[in-house]
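This is what each chain is made of:
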Amino acid sequence: MALGVVPRARRRVRGTAPARSAEDWWWDRLAPSGSGYHLLQSDSMLLVLPTPGPARARAQRRAARRGRRLRPPGSRPAEAKAKPRTSSAPAPQQGPDPGWGDRIPLEILLRIFGLLVEANGPMPFLGRAARVCRRWHEAASQPALWHTLTLSPPLAGRPAKGGAKAEKKLLASLEWLIPNRFSQLQRLTLIHWKSQLHPVLKLVSESCPRLTFLKLSDCHGVTPNTLIMLAKACPQLHSLDVQHSMVESTAVVSFLEEAGPRMRKLWLTYSSQTTAILGALLGSCCPQLQVLEVSTGINHNITPLQLPVEALQKGCPQLQVLRLLNLMWLPRPSGRAATPGPGFPSLEELCLASSTCNFVSNEVLDRLLHGSPNLRLLDLRGCARITPAGLHDLPCQELEQLHLGLYGMSDRLTLAKEGSPLLTQKWCHTLRELDLSGQGFSEKDLEQALAAFSGTPEGSHPALCSLNLRGTQVTPSTVSSVISSCPGLLYLNLESCRCLPRGLKRAYRGPGEVQWCLEQLLTSLASVS
């Protein structure tokens, strides 16, 4: 018997209609008792080896083969002559087995595909699923699954000639895909389109009337006609993200004038042309705007942005999220006799984070937030002019996230030594995230501030789950007390804390690491005492 290697689940045997796996079939056929074969299994193949059987059985088989060779042609052995002929059992009908994929109802398959698309997006899963069988192709072709899509030409970042060819090749596929698959497209992101952006957006405007969100990242050639065409053809389009793309300000202004009454979200990159766009917003062209984000691009603009706070409050009264990220901006002076603006009554998030010192002071913060009682997130990283007293006077009573970190700038500033208890005493029952990294509060001041989390009513625990004390003067006893009082603490940053023992000055993530830190702190305190 020669040595044979049988790849698992690849070889098919005639006359079988296995309802089980190929591995089970090979095991049953090739390994009955006394079969004379020995099987070695691995993860990828079956190894079939002859096993030594009884010597008598081998001799009988040898004799039988020798007799067949010596028998004259046409003769049969006596056993075969005497044996009555029996009718063979009818062979089972071999019909094509559609497989389990074809037996799943289309509605169930659509729900399964929908969950996968929701988690990972439609590509590349739907493209691969369409090749499995006809039922899967039918399910993957449903336009309802193609509601969110990101398109980026291959060879992005390569020389311009190769990129243009890749864009044309992808455009040729999109000319069929967009009308046949994307009729219910709602969210579209285009990345790295340089030369064929207008034809793509023209196809979208012709076949995607349900589009609600459009993001252009690192795209060139966005003209006023292109965006106006989209605004007219997509009546549900209410969100536009043109950050890090070369877009003319006239194109954005024209788009806002056409789609302004229904606009909800707008993302911009600050440049010399941003003033014209903000002027359109101040003129109340987007009264329903809820999210406004302006950030710096790769090439940092050193020209300060002058923002008339009160005019923005009148032009966008429904604003819920305002982000001015890493900007050097100046609020336009309000004047002595100027009346306070209406505020942002619906504002829930204000982010003024910056990597450099800015001009945000207590007075500017009050102008922004004096009418915002529903604020939940306040990010003032880099705003070194803000004091605890100014924060304490804000009208919001249920703040959940407060970020006051000073990263890489605390050595050049004169920081407040006292006042941190004003923050925790006001918001200890609602704060989930607190960032005090780089602040100059004294040991005693921090002890009083963090003690507020231990004074919650009996039977309730603070909501604090993230605490950043990097570079502060916090002591071991204070840290151990706050960990014991906040069982839901999942993140604790103690890097560069000079008052802590060596080996504990690091970031702790997860309840296990936080509890380990508590044990080490208690051990060090016991050894010192």
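Reading the values: the criteria
Residues numbered from 1 in each chain as written. Predicted model: local features only at pLDDT ≥ 70, side-chain atom pairs only at ≥ 80, totals over all residues. Heavy atoms only, no water. Helix = DSSP H or I, 4+ residues; strand = E, 2+ residues; numbered from the N terminus. Buried < 20%, exposed > 50% of the residue type's maximum accessible area, 1.4 Å probe, protein only. Contact = heavy atoms within 4.5 Å. Areas by Shrake-Rupley, 256 points an atom, 1.4 Å probe, with all protein chains shown as cover. Pairing = 2+ DSSP bridges. Right-handed = clockwise from strand over helix to strand, strands pointing away. Expected span 1.5 Å × (residues − 1). Arc of directions from axis to C-beta. Salt bridge = Lys/Arg side-chain N within 4 Å of Asp/Glu carboxyl O. Phe/Tyr/Trp six-rings, centres within 6.5 Å; stacked < 30°, edge-to-face > 60°. Lys NZ or Arg CZ within 6 Å of the ring centre and 35° of its normal. Patch = residues over 30% accessible without salt bridge, like charges linked within 9 Å, V, L, I, M, F, W, Y side chains within 5 Å.

Participant: Any details on the overall build of the chain? Residues and values, ideally.
Facilitator: Within the chain, the regular secondary structure consists of 19 helices and 19 strands. Going through the 529 residues of the chain one by one, you find that 41% of them count as buried. The contacts of the chain with a sequence gap of at least 6 include a subset with a gap of at least 24, amounting to 75%. Carbon and sulfur atoms provide 53% of the accessible area of the chain, an area that totals close to 29300 Å².

Participant: Tell me about unusual backbone geometry, and please be specific about residues and values.
Facilitator: Each neighbour pair has its own omega, and for Met123 with Pro124 the value is 5°, a cis peptide bond. By the secondary structure assignment, Pro124 is in the loop between α5 (106–120) and α6 (125–129). The residue Asp218 is not glycine, and still its phi comes out positive at about 55°. As for its placement among the helices and strands, Asp218 is situated in the loop between β6 (213–217) and α10 (224–233). Residue classification places Asp218 among the partly exposed positions, given a relative accessible area of 26%. One non-glycine residue, His244, adopts positive backbone phi at about 60°. Residue placement: His244 occurs in the loop between β7 (239–241) and α11 (249–259). Since its relative accessible area comes to 41%, His244 is described here as partly exposed.

Participant: I'd like a description of the side chain of His403, backed by residues and values.
Facilitator: Inspection of the secondary structure assignment puts His403 in strand β15 (residues 401–403). We classify His403 as buried; its relative accessible area is 14%. In contact with His403, other than residues within four places in its own chain, are Leu378, Asp379, Leu380, Arg381, Glu433 and Asp435.

Participant: Please provide a residue-by-residue account of the pairing of strand β9 (residues 291–295), values included.
Facilitator: Counted residue by residue, β9 has five buried out of five residues, so it is predominantly covered. A two-sided burial pattern is seen for β9, the buried positions comprising Val291, Glu293 and Ser295 on one face and Leu292 and Val294 on the other. Alignment of strand β8 (residues 265–269) against β9, held across five bridges, turns out to be parallel. Along β9, the bridge assignment pairs Trp267 with Glu293. Note on the crossover from β8 through helix α12 (residues 274–282) to β9: the handedness is right-handed.

Participant: Please set out α5 residue by residue, giving values where relevant.
Facilitator: Taking 1.5 Å as the rise per residue, α5 with 15 residues should run 21 Å; its terminal C-alpha atoms sit 21 Å apart, in good agreement. Where α5 is concerned, the buried positions are Leu106, Leu109, Phe113, Gly114 and Val117. Down the axis of α5, the sector holding all buried residues measures 140°, keeping them to one side. Along α5, the residues that are exposed and aim more than 90 degrees away from the buried face are Glu107, Arg111, Leu115, Glu118 and Ala119.

Participant: Give a detailed account of the pattern of salt bridges, specifying residues and quantitative values.
Facilitator: The full count for this structure, using the stated rule, is 11 salt bridges. The salt bridge involving Arg323 is made with Glu349; its shortest N-O contact spans 2.8 Å. A residue pair is termed long-range when its members are at least 10 positions apart, and Arg323 in strand β11 (residues 321–325) and Glu349 in strand β13 (residues 349–351) qualify at 26 residues. When the shortest N-O distance is used, the salt bridge between Glu398 and Arg376 registers 3.4 Å. Residue Glu398 is located in the loop between α15 (388–392) and β15, and its partner Arg376 is located in the loop between α14 (362–369) and β14 (377–379); the two are separated by 22 residues in the primary sequence. Shared partners join several salt bridges into a network, and the residues in it are Glu293, Arg323 and Glu349.

Participant: So, helix α19 (residues 511–528): which residues are in play, and what are the values?
Facilitator: Look at α19: 26 Å from first C-alpha to last across 18 residues, which is about the 26 Å you get at 1.5 Å a residue. Looking at α19, one finds that the buried residues are Val514, Cys517, Leu518, Leu521 and Ser524. Taken around the axis of α19, the buried residues stretch over an arc of 130°, which confines them to a single face. Turned more than 90 degrees off the buried face of α19, the exposed positions are Gly512, Thr523, Ala526 and Ser527. Contact partners of the buried residues in α19: α18 (476–485), β18 (491–493) and β19 (507–509).

Participant: Report on the packing of aromatic side chains, specifying residues and quantitative values.
Facilitator: The description of an aromatic ring pair rests on the distance of the ring centres and on the angle between the ring planes. According to the stated counting rule, one finds five aromatic pairs in the structure shown. Ring geometry for Phe113 versus Phe125: centroids 5.1 Å apart, planes at 90°, classification edge-to-face. Remark: Phe125 occurs in helix α6 and Phe113 occurs in helix α5; sequence separation between them is 12 residues. For Phe113, a relative accessible area of 2% gives the class buried. Three or more aromatic residues link up through ring pairs in this structure, and these residues are Phe113, Phe125 and Trp136. Over the face of the ring belonging to Phe213 we find Arg187, whose NZ or CZ atom lies 4.1 Å from the ring centre.

Participant: Hey, could you go over the environment of Glu107 for me, with residue numbers and the actual values?
Facilitator: Take Glu107: it is sitting in helix α5. Sequence separation between Glu107 and Ala139 is 32 residues, and the spatial gap between their C-alpha atoms is 8.5 Å.

Participant: Describe the environment of His220, with residues and values.
Facilitator: With respect to the helices and strands, His220 occurs in the loop between β6 and α10. By relative accessible area, which is 27% here, His220 ends up partly exposed. Each C-alpha atom, one on His220 and one on Trp193, is 6.5 Å from the other, the two residues being 27 residues apart in sequence. In this structure, His220 is in contact with Trp193, Lys194, Leu197 and Met246, ignoring residues within four places of it in sequence.

Participant: Help me get a handle on the environment of Gln306, residues and values and all.
Facilitator: Of note, Gln306 is situated in strand β10 (residues 305–307). Classification of Gln306 as partly exposed rests on a relative accessible area of 45%. Counting along the chain gives 31 residues from Gln306 to Thr275, while the straight-line C-alpha distance between them is 8.5 Å.

Participant: Mind laying out a nonpolar patch on the surface, listing which residues take part and the relevant values?
Facilitator: Together, Ile108, Ile112 and Leu116 make up a nonpolar patch on the protein surface, roughly 230 Å² of accessible area in all. Inspection of the secondary structure puts Leu116 in helix α5.

The values reported here are purely geometric and, on their own, carry no functional implication.
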